[in-house]
Amino acid sequence: MSAGERKRDYVKTTCPRDCYDACGIVAVRDDGKLRKILGDPEHHVARGGLCGKCAIVYNGTWQDPAARLTRPLRRVGPKGKAKFEPVSWETALQQISESLKPLIAAGRTSTIMQAHYTGTVGLIAGWYPLRFFSHLGATEVDPDSVCNKAGHVALEYVFGDSLEGFDPETAKQAKTILIWGANPSHSAPHMHKDWLRESGAEVIAIDPIGHKTARERASLHLQLRPGTDAALAFGFLHVAQREGLLDQAFIDAQVIGFDEILAAIEAADPVTTERRCGVPAAQIEQAAIAYAKGPSLLWLGQGMQRTARGGNAFRALAALIAGTGNLGKPGAGFCYMNGPGSRGIDMNSVVPPELDRGSGSISHMDLAETLEDSERTKVFFNWNCNPLASSPDQARLRKALMREDLFHVACDVFSTDTVAFADIVLPAAAFLEFDDVIVPYFHQTLSAQVKLQEPLGEALPNQEIFRRLAAALGFEAAALFESDADLIARILAQTPFKGGFAELAKAGTVRLYPEPRLQFAEGRYPTPSGKIEIASARAEADGLPRVPEPHADPGTTDGRLRILSPASLWQMNSSYANDPKIRKQLGGNAVLLHPDDAQAHSLTSGDRVTLSNEAGVLTLPVEVSEIAQPGMGIVYKGRWPSAEPAAANINVLHKGRKSDIGDSTTVHSMEVDLRRAEAAE
């Protein structure tokens, strides 16, 4: 290499976002300096291209020191105004430890509240800090309660495990892929673009929203009314029974309690189901027969269980899976998420249970109320999440965060809406700046997240931040100080991968199994009976119906509108909303209305309306669109309130009512009054 010539290298890493795709990345570096983030052409999902949003932000704000948090900060202005002064790490950690020590001494660590979620899904950065909080005895704000807890608990009742899903590689043997309540075009763009198109299976979409996957990839779209999924599942079972497509041998061998729902199946004929769900009887019959004939894959979307009876809906879909025997054979199965266990990883090695001091958890539905109470909450940590953008009761939560006697620590990569209220801000390193292990939750592969550059400024990885805080508090448990390298080595040793992190990093992503894994192939389930429990004594003991019911939410009345808030094409939950190019792509917020509703209210695109309910008020322009349906509006989630004209997003209208199972979100059961903005004002 001649003098002055740059040394260029290419390094593989992995996107650690909360996404089904888990794309492989190639980083281009010149003389060790990061220049460009690209999709890995050798990665089986990315195929050389990142999704639009990641291509923008990873080459934008994630590398921009001016956009990042790079030094510890201490509040000097009113809460919520984001007025801070830089301090040293020593000063920041000392102030935090001085606030925690009296609570530790008094045995009141349960008044320390910690909220986290999927700012990264790296096994180290996403879970290691839980060691600190478990040992401290802090109360956890259950992360899944703001997203998908109802579905997890429901599947655990029935199958004993919600994290054992189908292997996507078995799609080549499936005749039908049923996508129920998921929108791959926004939430799994590479699955939409390639996996579904290349599967060879008939794709059927069931969703209240006419999204791009339903319109572009599905041969049939059943656009049911929101909250009628359980009734439709029973309608499918009725058709399967009528056509002789129930798998009685499978039921007899592997299922208990199926006989207890036979009367409800008999009553769910297609005409009755059409009346309850709004789906034409002919479509119900066509889709039910295709699924029941199998082998079929069922992709269980997280959106469909965010309703008042979302847990029951998942139990009804579990009955459909069991009744048709679409499990344990090539081309069959269901997937909610694939957890680390499918790679052999024991999460107890990541968060050792012996550290847990048992302070318990609360639901995100209770977060605002809990933070209001000065006796219940003395200290609040938020890390890996932005609850002021993502949690319910937004106005109430904002007011609670204003408490002067609430000591608030925020750990983040960026200065979010929630960070603006913190007393101490700790700058977190981005995924580009440390090693980690990524376990995709769709494909059953294993990936390396590789350090590409030093953290910007004084930022530190999550795990190092909490190691230092443990030291500042004088904690001595060895598990609080385990190095990343040692933990990564222990994780990899549990998997079928034969190599260390250097070998994984060189490959980027590895397939662990030569053939597609069959879900519950041996016909044994981690339930009390060892079988699929359609009738669940555990559910009954928890005060729930013993069996799933063919429930359908009634339609709205008195001119109210039901609001769904699905994932945006240009954001990852609330991530990326601070990138200027993403904001340009997003444009202004709007409520999407079906032409019938627009006509009924004498509205056209661009007219402003006010949506209101007991939780709050939000004024938005109208966008007339047939992807909605009559009686239902769509407002995409994830916008940062501080970037919006009214300093609020859709969660200002979410009261925080709990689902039937798991104390989980019911954001898709939200109803509002709609008025033309001039009239409302």
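Up top is the structure these notes are about.
How each quantity is defined
Residues numbered from 1 in each chain as written. Predicted model: local features only at pLDDT ≥ 70, side-chain atom pairs only at ≥ 80, totals over all residues. Heavy atoms only, no water. Axes fitted to C-alpha atoms, helices over the stretch in contact; angles between N-to-C directions. Helix = DSSP H or I, 4+ residues; strand = E, 2+ residues; numbered from the N terminus. Parallel < 35°, antiparallel > 145°, perpendicular 65-115°, else oblique. Left-handed = near helix turned anticlockwise from the far one by under 90°. Contact = heavy atoms within 4.5 Å. Nonpolar A, V, L, I, M, F, W, Y, C, P; charged D, E, K, R; others polar. Salt bridge = Lys/Arg side-chain N within 4 Å of Asp/Glu carboxyl O. Buried < 20%, exposed > 50% of the residue type's maximum accessible area, 1.4 Å probe, protein only. Polar contact = N/O pair within 3.5 Å; in protein donor to acceptor, adjacent residues only side chain to side chain. Pairing = 2+ DSSP bridges.

1. Some details on the packing of helix α2 (residues 89-105) against helix α18 (residues 462-472)
Here comes step 1: For the pair α2 and α18, interaxial distance at closest approach is 9 Å and the crossing angle is 60°. Compared by their axis directions, α2 and α18 come out oblique. Once α2 is placed against α18, the crossing between them reads as right-handed. Contacts between α2 and α18 involve W89, L93, I96, S97 and K101 on the former and, on the latter, I465, R468, L469 and A472.
Here comes step 2: Residues that form the contact of α2 with α18 fall into these classes: six nonpolar, one polar and two charged.

2. Regarding the pattern of salt bridges
Note that side chains of opposite charge can pair when their charged atoms are close.
Here comes step 1: Summed over all chains, the structure comprises 44 salt bridges.
Here comes step 2: The partner of E454 in a salt bridge is K451, and the shortest N-O contact between them spans 3.0 Å.
Here comes step 3: Across the salt bridge formed by E522 and R524, the nearest N and O atoms sit 2.4 Å from each other. The residues E522 and R524 share a single accessibility class, namely exposed.

3. Quick notes on the side chain of H43
Here comes step 1: With respect to the helices and strands, H43 occurs in the loop between β3 (33-39) and α1 (52-57).
Here comes step 2: Classification of H43 by relative accessible area gives buried; the value is 5%.
Here comes step 3: Polar side-chain contacts of H43 include one of 3.3 Å to the side chain of T509.
Here comes step 4: Contacts of H43, omitting those with residues within four sequence positions, involve D21, A22, C23, G24 and T509.

4. Structural notes on the sheet that holds strand β18 (residues 436-438)
Here comes step 1: Pairing within the open sheet is antiparallel, and its three strands lie in the order β18-β19-β20. With one partner strand each, in any of the chains shown, β18 and β20 (509-511) form the two edges of the open sheet. Between one strand axis and the next, the sheet turns by 20° as a mean value, whatever way the strands run.
Here comes step 2: Alignment of strand β19 (residues 445-449) against β20, held across three bridges, turns out to be antiparallel.

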